[in-house]
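Descriptive analysis of the structure
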Amino acid sequence: MKKKAVIFDMDGVLIDSEPVYLQLFRDLLTENGCVIDEEKMRILAGASGGRLWGTVAQMWKEEISPDRMRRIYKERYADFRFPYRDAACPGVRPLLEWMKAEGYVLALASSSSEEAIRQMLDALELHGYFSHIISGKMFKESKPNPEIYLYALSVLGLPAEDCMAVEDSTYGICAAKAAGLQVAAVKDDRFSFDQSQADWFLKRTADLKELLLHM
């Protein structure tokens, strides 16, 4: 069934951000004499909010609250500027250009802050492709709670069967499926993602064009 709209995640779909963020966490923990738990590091990929900071706090050298852990991180990297251009997933802009020309409605639903989303759009010159930009910070709970996708469907004014989501993480896929969406998952074997609920699999985001052509 041909779709009318596609809702994109950002991290892991438009930009390959997880390795960059994981290295920041590694550096912070190492600088402070903490022992890095590799299993917990893999869980960090795709996590956000309390789940993210709670997991990092478990690796801290002393007992610490997730909120305090978040403040330490923010203070340490107050001057950090994410290298969006270097992290851009290949072929994304031509894909979006083609989709707009074909009449697809495009939305962006990311757990990241609106500021981070805007910075990414500025750096990669992707303004104008997305009719709606939705940050997970707008909601009480982030993915895997489906609220962000339910909201996306409401502002798009379309039923779930007319839309699809493009995701990569376990939490993102679960959120989209819980909202009734079919999901195309960008394959990533570097982290402990469970992508078993996805309906289609893409080697890279740009391969979405081929999938849409055959619907």
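Described below are features of the structure shown in this document. (Residues numbered from 1 in each chain as written. Predicted model: local features only at pLDDT ≥ 70, side-chain atom pairs only at ≥ 80, totals over all residues. Heavy atoms only, no water.)

Here we look at the overall build of the protein
Looking only at helices and strands, the protein features 10 helices and 6 strands. With the C-alpha coordinates of the protein rotated into their principal frame, the extents come out at 55 × 30 × 30 Å. Here the protein holds 215 residues, and 49% of them are scored as buried. Taking the contacts inside the protein whose residues are at least 6 apart along the sequence as the reference set, 63% of them involve residues at least 24 apart. Only carbon and sulfur atoms are counted for the fraction: they give 48% of the accessible area of the protein, which is about 10400 Å². (Helix = DSSP H or I, 4+ residues; strand = E, 2+ residues; numbered from the N terminus. Buried < 20%, exposed > 50% of the residue type's maximum accessible area, 1.4 Å probe, protein only. Contact = heavy atoms within 4.5 Å. Areas by Shrake-Rupley, 256 points an atom, 1.4 Å probe, with all protein chains shown as cover.)

Structural notes on unusual backbone geometry
Keep in mind that most residues, glycine aside, have a negative phi and that most peptide bonds are trans. The peptide bond linking Lys-143 to Pro-144 adopts the cis configuration, its omega dihedral lying at 20°. Residue placement: Pro-144 occurs in the loop between strand S3 (132–135) and helix H8 (147–156).

Points about the side chain of Thr-205
Here Thr-205 lies in the loop between strand S6 (200–202) and helix H10 (208–213). With residues up to four places along the chain from it excluded, the contact list for Thr-205 reads Phe-8, Val-13, Val-92, Leu-95 and Val-186.

So, the nonpolar core
Counting residues in hydrophobic clusters, the biggest one holds 35 residues, and the most contacted among them are Phe-8, Met-99, Met-120 and Leu-208. Secondary structure elements with two or more residues in this core: strand S1 (5–8), helix H5 (84–87), helix H6 (92–101), strand S2 (105–110), helix H7 (114–124), strand S4 (163–167), strand S5 (182–186) and H10. No other element matches H7, which puts 6 residues into this core. (Core = buried A, V, L, I, M, F, W, Y, C linked by side-chain atoms within 4.5 Å.)

Looking at the packing of helix H1 (residues 18–31) against helix H4 (residues 66–76)
A packed helix pair is summarised by two numbers, namely the angle formed by the two axes and the spacing between the axes. Orientation of H1 relative to H4, taken along the N-to-C sense of each, is 100°, at an axis distance of 11 Å. Compared by their axis directions, H1 and H4 come out roughly perpendicular. Residue-level contacts link Tyr-21, Leu-24, Phe-25, Leu-28 and Glu-31 of H1 to Met-69, Ile-72, Tyr-73 and Arg-76 of H4. (Axes fitted to C-alpha atoms, helices over the stretch in contact; angles between N-to-C directions. Parallel < 35°, antiparallel > 145°, perpendicular 65-115°, else oblique.)

Comments concerning the pairing of S3
Along any regular strand, the residues point their side chains to alternate faces of the sheet. Across 4 bridges, the pairing between S2 and S3 is parallel. Bridge assignment links Leu-108 to a residue of S3, and that residue is Ile-133. Each parallel crossover has a hand, and the one from S2 via H7 to S3 is right-handed. (Pairing = 2+ DSSP bridges. Right-handed = clockwise from strand over helix to strand, strands pointing away.)

A word on the sheet that holds S2
Strand order in this open sheet of 6 strands is S3-S2-S1-S4-S5-S6, and the pairing throughout is parallel. Of all strands in the sheet, those with a lone pairing partner are S3 and S6, marking the two edges. Sheet twist, expressed as the mean angle between neighbouring strand axes with direction ignored, is 20°. Those strands touched by H7 are S2 and S3, and its axis lies near 140° from that of S3. Contacts from helix H9 (residues 170–178) reach S4 and S5 within the one sheet, and its direction differs from that of S5 by about 165°.

So, H6
Buried within H6 we find Val-92, Leu-95, Leu-96, Trp-98 and Met-99. Looking down the long axis of H6, one finds its buried residues gathered within 160° of arc, a one-sided arrangement. Exposed and facing more than 90 degrees away from the buried side of H6 are Pro-94 and Ala-101. At the exit of H6 stands Gly-103, carrying a positive phi of roughly 95°. (Arc of directions from axis to C-beta.)

Coordinates in, geometry out; function isn't part of it.
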